[in-house]
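Here's the letter readout for the chains.
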Number of protein chains: 2
Amino acid sequence: MPFHTHKLPNGLQLIGETSPSARSAAVGFFVRTGSRDETPAESGVSHFLEHMMFKGTPRRTAFDVNLDFDRIGASYNAYTSEENTVYYAALLPEYLPRGIDILADILRPSLRDEDFTTEKNVILEEIDMYEDQPGSVAWDRARRIYYGTHPLGNSVLGTKESVGALTRDQMHAYFSRRYAANNIVVSAAGNYDWNTFVRLITDACSGWNTDTVGRENRTEWPGTGGRHLLTREKVQQEYVMFMGGGPPAHSKMRYAADTLALAVGDDSGSRLYWALVDPGHADSADCSYVENDGSGAVYASLSCEPEHTEENTAKVLEVFAGVQTGGITEAELHQAKSKILSRVVRGSEKPMGRMQAIAAAWSYTGEYRDVDTELANFEAVTLADVRAYLDAYPIDRTTVVAFGPLKEMTGLEGKVV
Amino acid sequence: MPFHTHKLPNGLQLIGETSPSARSAAVGFFVRTGSRDETPAESGVSHFLEHMMFKGTPRRTAFDVNLDFDRIGASYNAYTSEENTVYYAALLPEYLPRGIDILADILRPSLRDEDFTTEKNVILEEIDMYEDQPGSVAWDRARRIYYGTHPLGNSVLGTKESVGALTRDQMHAYFSRRYAANNIVVSAAGNYDWNTFVRLITDACSGWNTDTVGRENRTEWPGTGGRHLLTREKVQQEYVMFMGGGPPAHSKMRYAADTLALAVGDDSGSRLYWALVDPGHADSADCSYVENDGSGAVYASLSCEPEHTEENTAKVLEVFAGVQTGGITEAELHQAKSKILSRVVRGSEKPMGRMQAIAAAWSYTGEYRDVDTELANFEAVTLADVRAYLDAYPIDRTTVVAFGPLKEMTGLEGKVV
């Protein structure tokens, strides 16, 4: 499939893969900003701002935004992570001009005082609701411990205190700084004409500002280490999280890291599955590789009855120690690769999947990877690559955080009740 | 995309759409059986049997089934509805032979006594957990009231009593009767060779039995009518469900029914959205067309604070009365069609979507509908078609069931506490 790039004078980067046999198109604006780019006083502003983007512009009320997307039958949404805020739509090819008109418009929002106040309450309620989901809160707290002062540990939602104290002017200042054209990549995939796409984006976005944009603390992070216990009484299950270093998104070791994590902790047929889930010791146990800008991590977790926490934690650490010493078998490598290849292929069959994949690759490495290249990269992983990866990022060097009703645990380095 | 069909001497029906530009393939076994085909004593057996299919065959233990699917990286699953039990897998083209070997094998299960006993407890726990989900239980109970003695009102899960009393021999008798080759359609889509597919299925399934299969009560059902209240105390929200008749799956009116339901009750920009959700009267309100074999229905629902139930119910009935009298506008029709066309197109972009779509169309009508035909059928819907549909299936002729903490409601025809 042909790949194209173009950059506007203000720095806005356009990338796109065109696929004439597709029947729809997908377009997304990837803003290179998230919780890791916030100061403590701004904590939660990226996510709050994402909500505000749908509240209206000089040309459209919030009502119009919904109605206009609805009129063209678009499937649209947005999300905020530690390092990206993304706005996207999937639509029929004939509606691409109207879809781009809406998306580009909402990315220059009015940020009206009244909407700011109303939406702040929505976010505060969202934070309250989030507190009721122990699995999610557990990860938020665990990441904070693992990352110490590194901004990758910042919470995406922020706290009731930080969001409550935010002003409209603080948000506007953050918006101007981080939503500058040269901090945004526009990605498209599916059935559309590249030259038309460039013209539409040029018309809609050429007036956007340019600024000094960047990101601090892009250093790799091995974790704070230790074993920590967070006691939370009204929770039924104990959640135990294991975090260790991994290759950054731009590293060629990402393929070995992803493959190994699947062999160790996929939700079926993996080392952790056979050691903990199949025999019924834990309700769930999994492991995955997380890639970030300049850094990377391997996260594993289990959930179980509180009284079995210690023995299950020991089992996970035993699996890790076994893998660190002996690696995995040729059969395990083959099975993990089969799963990954199948996922990559199936994930590439919709324009939405390709639009996201090329944007992620471009954001992290400035390069285009077509599906076949990506498949070949995974296909090429050998046991020697897995060994080299384990030597560079030992899987048994973990920070352990338990979250739940448990009040005591052996070998604690830190304990936060 | 080319379409093919083939029937084995034992009655097994093969259908397939081939798409050489796809990168994966999907295959599914559609067994024409579900809760509507169960006697009261067998209630829940279809769903229980679906679980048993993964517990092993003469050639494979349950362990082998998982491992073999895992080795080829397949995404596989199964589900049971009122009228279908479906087993499917999405995989890379080179693994199609192995995927078919596993699927065809598990469809002739051992149904071992020991596994039957163990799995019965899993199902009984599932029924318990289901009782904790008021939204789902509400629909189960409401459908039972709406359908009266019509088997489309049968519960898919069954009750603790019916499942608890089921014997392995009853299940085996049901299996022999309903899983006969002539009651199954095998559907495939994506990148694969049709002749190879026919050979693989022939080799694997030619020995399957043929039986007298059919289905009772394929008559249309207008609903029992009336307003009903089911008081359930430990629930926070009140759930109100509105059910009325609709065209059966084989009717050409399905396009008008689907389009109108979207205009009336899509989750954004619809009549119910503007009347109830946008002004904050209800947490949710929606409407959709449900097609079944020989019958059809239009389901709407809302959830809200119990004290607002009466006024919100009145608002929904007012929307229905307005639509019944005045129909919808040209703009509403256009917007609903845009949404549907976009959904149909996006749903067709993966082999899994096409495999399911052609199987559904074939099961209900014995015909093949390619994407373009389906799009043209929706595109052709006029306001006159909507009028004709409303005259045949009045949207304001509903059965109303409220489920939640409410203890009194005006105009009740039936009341079950």
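Residues numbered from 1 in each chain as written. Chains lettered and ligands numbered in written order. Predicted model: local features only at pLDDT ≥ 70, side-chain atom pairs only at ≥ 80, totals over all residues. Heavy atoms only, no water.

Chemist: Provide a residue-level description of the sheet that holds strand 6 (residues 184-190) of chain B, including the pertinent values.
Modeler: Residues and elements named next belong to chain B. Spatially, the 6 strands line up as an open sheet ordered 1-2-6-3-5-4, and their pairing is mixed. Each edge of the open sheet is held by one strand with a lone partner, namely strand 1 (3-7) and strand 4 (75-80). Within this sheet the neighbouring strands show an average axis-to-axis angle of 15°, counted without direction. Bridge count between strand 1 and strand 2 (residues 13-18): 5 bridges; the pairing is antiparallel. Bridging across to strand 2, T5 finds its partner in I15. Of the strands in this sheet, strand 4 and strand 5 (85-91) touch helix 1 (residues 45-52), which is tilted by about 160° from strand 4. (Pairing = 2+ DSSP bridges. Helix = DSSP H or I, 4+ residues; strand = E, 2+ residues; numbered from the N terminus. Axes fitted to C-alpha atoms, helices over the stretch in contact; angles between N-to-C directions. Contact = heavy atoms within 4.5 Å.)

Chemist: Break down a negative patch on the surface for me, with residues and values.
Modeler: Residue and element names in this part refer to chain A. Negative charge collects at one region of the surface, where D283, E305, E307 and E311 lie side by side. Counting through the fold element by element, E305 comes out in the loop between strand 10 (295-304) and helix 11 (309-326). Taking relative accessible area as the criterion, E305 reaches 40% and is therefore assigned partly exposed. (Patch = residues over 30% accessible without salt bridge, like charges linked within 9 Å, V, L, I, M, F, W, Y side chains within 5 Å. Areas by Shrake-Rupley, 256 points an atom, 1.4 Å probe, with all protein chains shown as cover. Salt bridge = Lys/Arg side-chain N within 4 Å of Asp/Glu carboxyl O. Lys, Arg positive; Asp, Glu negative; His and termini not counted. Charge placed at Lys NZ, Arg CZ, Asp CG, Glu CD. Buried < 20%, exposed > 50% of the residue type's maximum accessible area, 1.4 Å probe, protein only.)

Chemist: Would you mind going over the interface of chain B and chain A in detail, with residue names and values included?
Modeler: Taken together, the contact pairs 36 residues of chain B with 36 residues of chain A. Summed over both sides, the interface of chain B with chain A buries roughly 2800 Å², with 53% coming from carbon and sulfur. Applying the counting criterion to the chain B and chain A interface returns 4 salt bridges. Taking the shortest distance from any N to any O, the salt bridge between K339 of chain A and D70 of chain B comes out at 3.1 Å. There are 22 residue pairs in polar contact (both at pLDDT 80 or more) connecting chain B and chain A. Listed by contribution, the elements that provide at least two residues to the side of chain B that touches chain A are helix 2 (62-71), strand 5, helix 10 (271-277), helix 12 (330-347) and helix 14 (371-379) of chain B. Looking at the side of chain B that touches chain A element by element, the count peaks at 9 residues for helix 12 of chain B. Tallied by class, the residues present in the side of chain B that touches chain A amount to 15 nonpolar, 13 polar and 8 charged. (Buried area = accessible area lost by both parts, 1.4 Å probe. Polar contact = N/O pair within 3.5 Å; in protein donor to acceptor, adjacent residues only side chain to side chain. Nonpolar A, V, L, I, M, F, W, Y, C, P; charged D, E, K, R; others polar.)

Chemist: Account for the pattern of salt bridges, with residues named and values stated.
Modeler: Scanning the model with the defined rule gives 70 salt bridges over all chains in all. Of the charged contacts, one joins E374 of chain A and R254 of chain A as a salt bridge, the two residues approaching to 3.0 Å between their closest N and O atoms. Of this pair, E374 of chain A sits in helix 14 (residues 371-379) while R254 of chain A sits in helix 9 (residues 254-265), and the two are 120 residues apart along the sequence. In terms of burial, E374 of chain A and R254 of chain A fall into one category: buried. Where D37 of chain B meets R215 of chain B, a salt bridge forms, and the shortest distance between an N and an O atom there is 2.8 Å. Of this pair, D37 of chain B sits in the loop between strand 3 (25-31) and helix 1 while R215 of chain B sits in the loop between helix 8 (194-205) and strand 7 (227-231), placing them 178 residues apart in sequence. Given a relative accessible area of 12%, D37 of chain B falls into the buried group. Residue classification places R215 of chain B among the buried positions, given a relative accessible area of 13%. Among the charged side chains, a network of salt bridges with common partners joins R32, D37, R178, R215, R218 and D293 of chain A.

Chemist: So what about the domain arrangement of chain A? Which residues, and what values?
Modeler: Residue and element names in this part refer to chain A. Along its sequence, chain A is organised into domain 1 (3-205) and domain 2 (227-416). A separation of 28 Å is found between the C-alpha centroids of domain 1 and domain 2. Tallying the contact residues gives 39 residues for domain 1 and 31 residues for domain 2. Buried surface at the junction of domain 1 and domain 2, both sides included, amounts to about 2900 Å², of which 69% is carbon and sulfur. Three residues stand out in domain 1 for area buried against domain 2, namely W139, I145 and Y146, and they jointly supply 21% of the buried area on that side. Viewed at the interface, domain 2 and domain 1 are joined by 3 salt bridges. Ionic pairing is found between E131 and R232, a salt bridge with its closest N-O pair at 3.4 Å. Summed over the shared surface of domain 1 and domain 2, the result is 13 residue pairs in polar contact (both at pLDDT 80 or more). Put simply, the parts of the chain that give the side of domain 1 that touches domain 2 at least two residues each are strand 1 (3-7), strand 2 (13-18), strand 3 (25-31), strand 5 (85-91), helix 5 (134-147) and strand 6 (184-190). When residues in the side of domain 1 that touches domain 2 are grouped by element, the largest group, 11 residues, is from helix 5. In terms of residue class, the side of domain 1 that touches domain 2 is built from 23 nonpolar, 9 polar and 7 charged. (Domains from an automatic or database assignment.)

Chemist: If you had to explain the packing of aromatic side chains to someone new, which residues and values would you point to?
Modeler: Counted according to the given criterion, the structure contains 38 aromatic pairs over all chains. With centroids separated by 6.0 Å and ring planes inclined at 40°, the aromatic side chains of F29 of chain A and W208 of chain A adopt a geometry described as tilted. Note that F29 of chain A is positioned in strand 3 and W208 of chain A in the loop between helix 8 (194-205) and strand 7 (227-231), a separation of 179 residues in sequence. Across this residue pair, the class does not change: F29 of chain A and W208 of chain A are buried. Plain terms: the ring middles of F69 of chain A and Y76 of chain A are 3.8 Å apart, the flat faces sit at 10° to each other, and that makes the pair stacked. With relative accessibility at 0%, the residue F69 of chain A sits in the buried group. You can call Y76 of chain A partly exposed: its relative accessible area is 22%. A connected cluster of aromatic rings, assembled from ring pairs, spans F54, F69, Y76, Y87, F175 and Y179 of chain A. Between R108 of chain B and the ring centre of W208 of chain B, over which it is positioned, the NZ or CZ distance is 4.1 Å. (Phe/Tyr/Trp six-rings, centres within 6.5 Å; stacked < 30°, edge-to-face > 60°. Lys NZ or Arg CZ within 6 Å of the ring centre and 35° of its normal.)

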